[in-house]
Amino acid sequence: MSFVTGVGLTSYGKHEGLSSLDLMSKAAELAIADAGLKRADIDGVLCGYSTVSPHIMLATVFAEHFGIRPAYAHAVQVGGATGLAMTMLAHHLVDAGVAKHVLVVGGENRLTGQSRDASIQALAQVGHPDYEVTLGPTIPAYYGLVATRYMHEYGLTQQDLAEFAVLMRKHALTHPGAQFHDPITVADVMASKPVAMPLKLLDCCPVSDGGAACVISREPTGERQVRVRGCAQAHTHQHITAAPALSKLGAEISIAKAKQASGIAISDVRYAAVYDSFTITLAMLLEDLGLAGRGEAAARVRAGYFNQDGEMPLNTHGGLLSYGHCGVGGAMAHLVEAHLQMTGRAENRQVRDASVALLHGDGGVLSSHVSMFLERVR
């Protein structure tokens, strides 16, 4: 058993003059204070990777920078799924008695600390070195290929995909820390610059500076009690040329295992936090996870199903598409928002009921998946 006892999140966007370690430290300080703890109480550290600061011992580099001496430290790298993978590992560590309070942290100054060319070069390494990278694709290109096939099989249109960008932007408007605060329409998405068709600029998450953190503890540290009820992973492939059929990707595997581990059904879920690096990512994952039928997620968006006041509130902070994406910290913002919603602290974004939350992270090109259920105990 484990509890999410504290969360911390910086604003996303430009943070001139702050390094990845600085941004991670800001988020970590907020999370520890939120848990009602002191730095000396942290006996475990799990740290996400940084493309801006690719140190081979980043977890202990961070611990030194932050001024703590943990008994357990580990860095994790599974792409966009890293934040939830670290949270899952922290859950197992405290449940096994290895540590009492594990700090999970990620952050990067990816917007101000890395050139466009360096960023593209770093992210291009996701591709197979022989069969993919040599042909020059980027991550948007890989997802563009997936989108084209998914649209062909399930009848989605570019306008359908645009609905997800519009929804995330609508939610970001209510969060002061979001990178974008200008409303957009489906027409705006359709008119935005092509990146990797059918994906256009507004179908893609931005590059951001930012940091996010949480504390996973063996016992509650205050009156707010949010428990990790169950979680699971799935890793079906690394490279898109080796990916299984669209109907057999890892999200379906991880959610089935997480439901079995937790005893929670999708019908029990009241809040959803789902990875949204691209509009096609969100569309596919919502359907893979059982939050919509095949080809039906866009219709549910149009009907208001995923609105803040809808039946299944989704990414009420604006997600990666509009709150921002700073690498590992990008998806961790989903966890922070879920915790705020579950503890009634989401202010003007507060939903009616967030007693049970489903979180899902995706790494690579739908390669690595982590599904997690959180439950409010009281």
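Structure: above.
Residues numbered from 1 in each chain as written. Predicted model: local features only at pLDDT ≥ 70, side-chain atom pairs only at ≥ 80, totals over all residues. Heavy atoms only, no water.

Caption draft 1: Structural view of the pattern of salt bridges. Tallied over the full model, the rule gives 14 salt bridges. The shortest N-O distance in the salt bridge between Arg227 and Glu375 comes to 2.5 Å. Of the two residues, Arg227 is situated in strand 8 (residues 226-235) and Glu375 in strand 11 (residues 368-376); the sequence distance between them amounts to 148 residues. For Arg227, a relative accessible area of 21% gives the class partly exposed. With a shortest N-O distance of 3.6 Å, Arg270 and Asp353 are connected by a salt bridge. Of this pair, Arg270 sits in the loop between helix 8 (250-262) and strand 9 (271-274) while Asp353 sits in the loop between helix 12 (328-342) and strand 10 (356-363); the two residues are 83 residues apart in sequence, bridging distant segments of the chain. Take Arg270: its relative accessible area is 33%, and that puts it in the partly exposed class. Take Asp353: its relative accessible area is 31%, and that puts it in the partly exposed class. Ionic contacts of the salt-bridge type, sharing partners, join the residues Asp34, Arg224 and Arg345 into one network. (Salt bridge = Lys/Arg side-chain N within 4 Å of Asp/Glu carboxyl O. Helix = DSSP H or I, 4+ residues; strand = E, 2+ residues; numbered from the N terminus. Buried < 20%, exposed > 50% of the residue type's maximum accessible area, 1.4 Å probe, protein only.)

Caption draft 2: View of the environment of Glu163. Of note, Glu163 is situated in helix 6 (residues 158-172). Judged by relative accessible area, Glu163 falls into the buried class, the value being 16%. Each C-alpha atom of the pair Glu163 and Arg149 lies 19 Å from the other, and the pair is 14 residues apart in sequence.

Caption draft 3: Layout of the nonpolar core. Counting residues in hydrophobic clusters, the biggest one holds 53 residues, and the most contacted among them are Val274, Ile280, Leu286, Leu291, Phe306 and Leu314. Sorting the residues of this core by element identifies helix 5 (139-154), helix 6, helix 8, strand 9, helix 9 (279-288), helix 10 (297-302), helix 11 (319-323) and strand 10 as the ones contributing at least two each. In terms of residue count, helix 5 provides more of this core than any other element does, seven residues in total. When sequence neighbours within four positions are dropped, the list of residues in contact with Ile280 reads Tyr143, Ala147, Tyr150, Leu161 and Leu199. (Core = buried A, V, L, I, M, F, W, Y, C linked by side-chain atoms within 4.5 Å. Contact = heavy atoms within 4.5 Å.)

Caption draft 4: Broad picture of the packing of aromatic side chains. Counted under the stated rule, the structure contains five aromatic pairs. Relative to Phe66, the ring of Phe62 has its centre 5.3 Å away and its plane inclined at 15°; by these criteria the two rings are stacked. Of this pair, Phe62 and Phe66 both sit in helix 2 (residues 58-66), separated by four residues, roughly a single helical turn. The residues Phe62 and Phe66 share a single accessibility class, namely buried. The positively charged end of Arg39 is found above the aromatic ring belonging to Phe66, 3.9 Å away from the centroid. The lysine or arginine in question, Arg300, covers the ring of Tyr305, its NZ or CZ lying 4.2 Å from the ring centre. (Phe/Tyr/Trp six-rings, centres within 6.5 Å; stacked < 30°, edge-to-face > 60°. Lys NZ or Arg CZ within 6 Å of the ring centre and 35° of its normal.)

Caption draft 5: Broad picture of empty space enclosed by the protein. The full count for this structure, using the stated rule, is one cavity of 30 Å³ or more. If you add up the space inside the largest cavity, you get close to 40 Å³. Leu84, Ala273, Val274, Tyr275, Ala331, His334, Leu335, Leu359 and His360 together form the lining of the largest cavity. Among the secondary structure elements, those contributing two or more residues to the lining of the largest cavity are strand 9, helix 12 and strand 10. (1 Å grid on protein atoms, 1.4 Å probe; cavity = no way out; pocket = protein on both sides within 12 Å on 5 of 7 lines; lining within 4 Å. Points joined across faces, edges and corners; volume = space filled by probe spheres on them.)

Caption draft 6: Main features of helix 1 (residues 20-34). Taking 1.5 Å per residue as the helical rise, helix 1 with its 15 residues ought to reach 21 Å, and the 21 Å between its terminal C-alpha atoms agrees with that figure. Each element contacted by the buried residues of helix 1 is listed here: strand 1 (3-9), strand 2 (44-48), helix 2, strand 4 (101-109), strand 7 (209-217) and helix 12. Just downstream of helix 1 lies Gly36, where phi reads positive at about 75°. (Expected span 1.5 Å × (residues − 1).)

Caption draft 7: Structural detail: unusual backbone geometry. Residue Met197 is joined to Pro198 through a cis peptide bond whose omega torsion reads 10°. Within the fold, Pro198 resides in the loop between strand 5 (194-196) and strand 6 (199-200). For Asn315, which is not glycine, the phi dihedral falls at a positive 45°. The residue Glu347 is not glycine, and still its phi comes out positive at about 55°. Along the chain, Glu347 falls in the loop between helix 12 and strand 10. A residue is classified by how much of its surface remains accessible, and Glu347, at 64% relative accessible area, is exposed.

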